[in-house]
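Residues per chain are reported as follows:
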Amino acid sequence: MNRNTQLSSTMNRHTVLVVIAHTDDEALGLGGTIARHVENGDIVYAVSMTDGVGARGGENEEEIKIRTQASINAGKILGLTWIEGGSFPDNAMDTVPLLAVAKVIEKAKNTIKPTIVYTHSSADLNVDHRVVSQATLTAFRPQPNEVWQEIRTFEIASATDYGHRSITDLFYPNLYVDIKNTWKKKLAALEEYQMEMRDSPHTRSFEGLENLAKHRGNQVGLHYAEAFEIIRKIER
């Protein structure tokens, strides 16, 4: 590779921010795509808004520790870096002012200055996912001198697919990412969240997620894919 090719390759690399409601959403929704970004030389950061288990009640400190360690392990597998997020109430983010959530995301934005942003689809039954989606769009509203180029939303099995067009609208993917070569990394990351997985035929089972990856791939002539909806794209 000559110097000009090396320079072009470096300039084409992205800083990616993944904004999620709960740790495990990154693996469920776009684990294969994260791993692919990293393999392509991009730098990927993730920020989570809740502990993911607070809504279950009872003494859950041990569950929180287990979930935190699982996220660390999954992050290492996928190649992402976790940065400071929120401590909002799990499955009750609709009780929090949207501005408070947006400020946490804006802090992450100003810290890493991402060029590509991923977040939840607002067409989702899970209220935390919807709030995070709206707050992300608020934090990344178009303004002069911004560096971000693209906002992509993703689906979560057992959340996005549980919505209905008369209530939550629908997820309409227009971007499909080939994850055939990174499927095993996604699977390994999901295995770290074993406590969050369900038995088949649940959509959040290992079999269900593989079926979804194959379905999204088959829609565009691929073996395995993750699907996204591009909300906004800017070419400078």
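Remember, predicted model here, so these are calculated numbers, not experimental data. (Residues numbered from 1 in each chain as written. Predicted model: local features only at pLDDT ≥ 70, side-chain atom pairs only at ≥ 80, totals over all residues. Heavy atoms only, no water.)

**Some words on the overall build of the chain**
Here is step 1 of the chain: Scanning the chain from N- to C-terminus turns up 7 helices and 7 strands.
Here is step 2 of the chain: Mapped from its N terminus to its C terminus, the chain presents α and β elements in the order α-β-α-β-α-β-α-β-α-β-β-α-α-β.
Here is step 3 of the chain: Scaling as 2.2 N^0.38, a compact globule of 236 residues should have a C-alpha radius of gyration of about 18 Å, and the chain matches this with 17 Å.
Here is step 4 of the chain: Counting only C-alpha atoms and orienting by the principal axes, one finds that the chain spans roughly 60 × 40 × 40 Å.
Here is step 5 of the chain: Taking contacts inside the chain between residues at least 6 apart in sequence as the whole, the part at least 24 apart equals 80%.
Here is step 6 of the chain: When the accessible surface of the chain is totalled, it reaches about 11900 Å², and 49% of it is carbon and sulfur.
Here is step 7 of the chain: For the chain, the distance from the average site of its 26 positive side-chain charges to the average site of its 31 negative ones is 8 Å. (Helix = DSSP H or I, 4+ residues; strand = E, 2+ residues; numbered from the N terminus. Rg over C-alpha atoms; globule rule 2.2 N^0.38 Å. Contact = heavy atoms within 4.5 Å. Areas by Shrake-Rupley, 256 points an atom, 1.4 Å probe, with all protein chains shown as cover. Lys, Arg positive; Asp, Glu negative; His and termini not counted. Charge placed at Lys NZ, Arg CZ, Asp CG, Glu CD.)

**Some words on the nonpolar core**
Here is step 1 of the chain: Core analysis: the largest hydrophobic core is formed by 32 residues, its most contacted members being Val18, Leu30, Ile34, Tyr118, Phe154 and Phe228.
Here is step 2 of the chain: Only strand E1 (15-20), helix H2 (25-39), strand E2 (43-48), helix H3 (61-78), strand E4 (116-120), strand E6 (175-178), helix H6 (183-192) and helix H7 (206-219) provide two or more residues apiece to this core.
Here is step 3 of the chain: Here this core gets 5 residues from one element, more than from any other, and that element is H2.
Here is step 4 of the chain: The residues contacting Tyr118, other than those within four sequence positions of it, are Val16, Leu17, Val18, Val19, Leu30, Thr33, His37, Arg152, Phe154 and Phe228.
Here is step 5 of the chain: In this structure, Leu17, Ala21, Phe88 and Ala108 belong to the second largest nonpolar core, which totals 23 residues. (Core = buried A, V, L, I, M, F, W, Y, C linked by side-chain atoms within 4.5 Å. Buried < 20%, exposed > 50% of the residue type's maximum accessible area, 1.4 Å probe, protein only.)

**Side note on the confidence of the model for the chain**
Here is step 1 of the chain: Mean pLDDT over the chain: 92, with 92% of residues reaching 70 or higher.
Here is step 2 of the chain: For the stretch residues 1-10, pLDDT sits under 50, and the model shows 1 contact to residues farther than four places along the chain or on other chains. (pLDDT = per-residue confidence, 0-100.)

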